[in-house]
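Here's the letter readout for the chains.
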Amino acid sequence: GTWGSVQWIPAWADKLSGKTPGVSAVVQMCSACGAIVFSIGFALIAEKLNRRIAYFSLASISLIACAILFRIPMEYGAGFRFWTFLVGGITAGFYGWLPLYLPELFPTRVRATSAAAWTAAVSRSEMSVSRSVIGVGRRYWTARSDRYTS
């Protein structure tokens, strides 16, 4: 959701600026710096406050900040870079804070079951895809080698 939308901000800034060189790099750095600051900051705030209230606040602030950045018409400039810093940081705040909160949100047996189910599903999917790719690759290279050996 929010992470994917934040990844499109540099391309959007490049378009807003008329393809001025370096704009997308500056905007990406604003987003990354916000992510560093807010990931650490929200984890520290959640440690001191009630974590449920902190989680609700983080989700609400993220929704409001994304609505402002993506819904209010803006031109590229200092305001755009400021909102990119905030949105990039607030949406990334979940990553530093979520590991702290998940143990309280879900009991260990639920987390363990989810992890085991996910691991089993991914390993089976990887196995079936890799076998298909190997089979196609083997047929392709066998057909190519027959052309050169005959």
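Remember, it's a predicted structure, so these values are computed and weren't measured experimentally.

Caption draft 1: The overall build of the chain, seen in detail. Summing up its helical and strand segments, the chain has six helices and zero strands in all. For the chain, the N- to C-terminal ordering of α and β elements is α-α-α-α-α-α. The 150 residues of the chain split such that 25% are buried. Look at the contacts in the chain between residues 6 or more apart in sequence, and 77% of them connect residues 24 or more apart. When the accessible area of the chain is evaluated, it comes to approximately 10,300 Å², of which 68% is carbon and sulfur surface.

Caption draft 2: Seen up close, the side chain of Ser-39. Within the secondary structure, Ser-39 sits in helix α3 (residues 23-48). The exposure class assigned to Ser-39 is buried, which follows from its relative accessible area of 15%. For Ser-39, the side chain forms a polar contact with the main-chain oxygen of Ala-35, separated by 2.8 Å. A distance of 3.0 Å separates a polar atom in the side chain of Ser-39 from the backbone oxygen of Ala-92.

Caption draft 3: Representation of helix α2 (residues 9-16) in the model. All buried positions along α2 are accounted for by Ile-9, Pro-10 and Ala-13. Down the axis of α2, the buried set is contained in an arc of 100 degrees. They therefore lie on one face. One or two positions beyond α2, positive phi appears at Gly-18, with a value near 75 degrees.

Caption draft 4: The arrangement of the nonpolar core in detail. Counting 17 residues, the largest nonpolar core has Ile-9, Val-27, Leu-69, Phe-80, Val-87 and Ile-90 as its most contacted members. Looking at this core, the elements with two or more residues in it are α2, α3, α4 (51-71) and α5 (78-105). Per element, the largest residue contribution to this core is five residues, and it comes from α5. Setting aside residues no more than four positions away along its own chain, Ile-9 makes contact with Val-27, Leu-69, Phe-70, Phe-80, Thr-84 and Val-87.

Caption draft 5: Broad picture of the packing of α2 against α3. Two numbers describe how α2 lies on α3: the axes approach to 8 Å, and their chain directions differ by 140 degrees. Between α2 and α3, the crossing angle belongs to the class labelled oblique. Helix-helix and strand crossings are classified by hand; for α2 and α3 the assignment is right-handed. Judged by residue contacts, Ile-9, Pro-10, Ala-13 and Asp-14 of α2 engage Val-23, Ser-24, Val-27 and Gln-28 from α3. Taken together, the residues of the contact of α2 with α3 break down into five nonpolar, two polar and one charged.

Caption draft 6: Spotlight on a nonpolar patch on the surface. Nonpolar side chains collect at one region of the surface, where Ile-36, Val-37, Ile-40 and Leu-44 lie side by side and expose about 410 Å² of accessible area between them. Assignment of secondary structure puts Ile-40 in helix α3. Owing to a relative accessible area of 53%, Ile-40 belongs among the exposed residues under this scheme.

The rules behind each value
- Residues numbered from 1 in each chain as written.
- Predicted model: local features only at pLDDT ≥ 70, side-chain atom pairs only at ≥ 80, totals over all residues.
- Heavy atoms only, no water.
- Helix = DSSP H or I, 4+ residues; strand = E, 2+ residues; numbered from the N terminus.
- Buried < 20%, exposed > 50% of the residue type's maximum accessible area, 1.4 Å probe, protein only.
- Contact = heavy atoms within 4.5 Å.
- Areas by Shrake-Rupley, 256 points an atom, 1.4 Å probe, with all protein chains shown as cover.
- Polar contact = N/O pair within 3.5 Å; in protein donor to acceptor, adjacent residues only side chain to side chain.
- Arc of directions from axis to C-beta.
- Core = buried A, V, L, I, M, F, W, Y, C linked by side-chain atoms within 4.5 Å.
- Axes fitted to C-alpha atoms, helices over the stretch in contact; angles between N-to-C directions.
- Parallel < 35°, antiparallel > 145°, perpendicular 65-115°, else oblique.
- Left-handed = near helix turned anticlockwise from the far one by under 90°.
- Nonpolar A, V, L, I, M, F, W, Y, C, P; charged D, E, K, R; others polar.
- Patch = residues over 30% accessible without salt bridge, like charges linked within 9 Å, V, L, I, M, F, W, Y side chains within 5 Å.
- Salt bridge = Lys/Arg side-chain N within 4 Å of Asp/Glu carboxyl O.

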